[in-house]
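Observations on the three-dimensional arrangement
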Amino acid sequence: MDISTLIQLCREYISGVRQFAGKPEEETKQMLIEPFLANMGWSSTHAPEYYDREYLGEVKGVEWKDIALIIDGKPRIFIETKACTDKGIDKKYAKELLEYLKNYNADKPETEWVSWGLLTNFTETYLYHWSEPIRDPKPFHKFNYQQLQDIFQNLKDLLSPEGVRNNRLLNRFYESPGHRLDEEFLKDLKKWRKIIANAFYLENQDLTIEQISEISHVFLSRLIFLRRLEAIGVLK
């Protein structure tokens, strides 16, 4: 099915013109999300690049079973699917997806990490980087089914097997408002480091400039590290 047909089918489900024949979540996956992935260029059968519709994983006793985009035998994106009539999925399920991503990556080398999580019911789609704080997760990119025809080619550049293999989502992540805010914050670090260094110097004038610089750097780094652990839910 092409994108225009999928959009119309989604409208019919949402309006009630078309009724679910089985479980809404499974039917949404089968009738809308898997055909969408096919339009993105993903195969449903084992190949160098394919999607596994029932990728099964278990981390810290928590089982996860949904779609994974696989390249060269390794998952690259986890996709959490919901029913197309389910509303507010970002508020209800994003934390669950991010928690699984963080736990999955925790005991693996960086080369094995799954960096991206995609939460979708076809009606709405949200993309997350695994580092997004669990406490108040915000997607770096989102779109809805009514936009699909207009943004189809851009999406295919990002989510096609070629796009995923070349990690084009990373560029979109870098362009996101949240990441730009991080960059602005980093520009302020030099200023704060000077403020901290001056405060240390007032109380420790027997230390050299090099020692004060090192102490202020370590103090600021540890402070940021602790705040980051709080933000992603490691520290309460």
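The rules behind these values
- Residues numbered from 1 in each chain as written.
- Predicted model: local features only at pLDDT ≥ 70, side-chain atom pairs only at ≥ 80, totals over all residues.
- Heavy atoms only, no water.
- 1 Å grid on protein atoms, 1.4 Å probe; cavity = no way out; pocket = protein on both sides within 12 Å on 5 of 7 lines; lining within 4 Å.
- Points joined across faces, edges and corners; volume = space filled by probe spheres on them.
- Helix = DSSP H or I, 4+ residues; strand = E, 2+ residues; numbered from the N terminus.
- Nonpolar A, V, L, I, M, F, W, Y, C, P; charged D, E, K, R; others polar.
- Phe/Tyr/Trp six-rings, centres within 6.5 Å; stacked < 30°, edge-to-face > 60°.
- Buried < 20%, exposed > 50% of the residue type's maximum accessible area, 1.4 Å probe, protein only.
- Pairing = 2+ DSSP bridges.
- Axes fitted to C-alpha atoms, helices over the stretch in contact; angles between N-to-C directions.
- Contact = heavy atoms within 4.5 Å.
- Salt bridge = Lys/Arg side-chain N within 4 Å of Asp/Glu carboxyl O.

Some thoughts on empty space enclosed by the protein
Per the counting criterion, the structure on display carries 3 cavities of 30 Å³ or more. One number sums up the size of the largest cavity: a volume of about 80 Å³. Lining the largest cavity are Ile 33, Phe 36, Leu 37, Ile 79, Leu 118, Thr 120, Phe 122, Thr 125, Phe 143 and Leu 148. Looking at the lining of the largest cavity, the elements that each hand over two or more residues are helix H2 (24–40) and strand E4 (116–120). Its residues assigned to classes, the lining of the largest cavity shows 8 nonpolar, 2 polar and no charged.

Some details on the packing of aromatic side chains
A full pass over the atoms with the stated rule returns 11 aromatic pairs. Centre to centre, the rings of Tyr 55 and Phe 78 are 5.7 Å apart; their planes meet at 40°, and the pair counts as tilted. With Tyr 55 in strand E1 (residues 49–59) and Phe 78 in strand E3 (residues 74–81), this pair connects stretches of sequence that are 23 residues apart. A relative accessible area of 0% places Phe 78 in the buried class.

So, the sheet that holds strand E5 (residues 124–129)
Pairing is mixed across the open sheet formed by 6 strands, whose spatial order is E1-E2-E3-E4-E5-E6. Each edge of the sheet is formed by a strand with only one pairing partner; in this case those strands are E1 and strand E6 (141–144). Averaged over neighbouring strand pairs, the angle between their axes works out to 25° when direction is ignored. The pairing of E4 with E5 spans 5 bridges and is antiparallel. Among the inter-strand pairings, Leu 119 is bridged to a residue of E5, identified as Tyr 126. The sheet contacts of helix H4 (residues 148–159) involve E3, E4, E5 and E6, and relative to E6 the element is tilted by about 140°.

Some thoughts on the pattern of salt bridges
The tally for this structure, following the rule as stated, stands at 13 salt bridges. The salt bridge involving Arg 165 is made with Glu 49; its shortest N-O contact spans 2.8 Å. Residue Arg 165 is located in helix H5 (residues 161–165), and its partner Glu 49 is located in strand E1; the two are separated by 116 residues in the primary sequence. Look at Arg 165 and you get partly exposed, because its relative accessible area is 34%. The salt bridge partner of Arg 53 is Glu 54, with a shortest N-O separation of 3.6 Å. Residue classification places Arg 53 among the partly exposed positions, given a relative accessible area of 23%. Look at Glu 54 and you get partly exposed, because its relative accessible area is 39%. What emerges from the salt-bridge pattern is a single network uniting Glu 26, Glu 34, Arg 53 and Glu 54.

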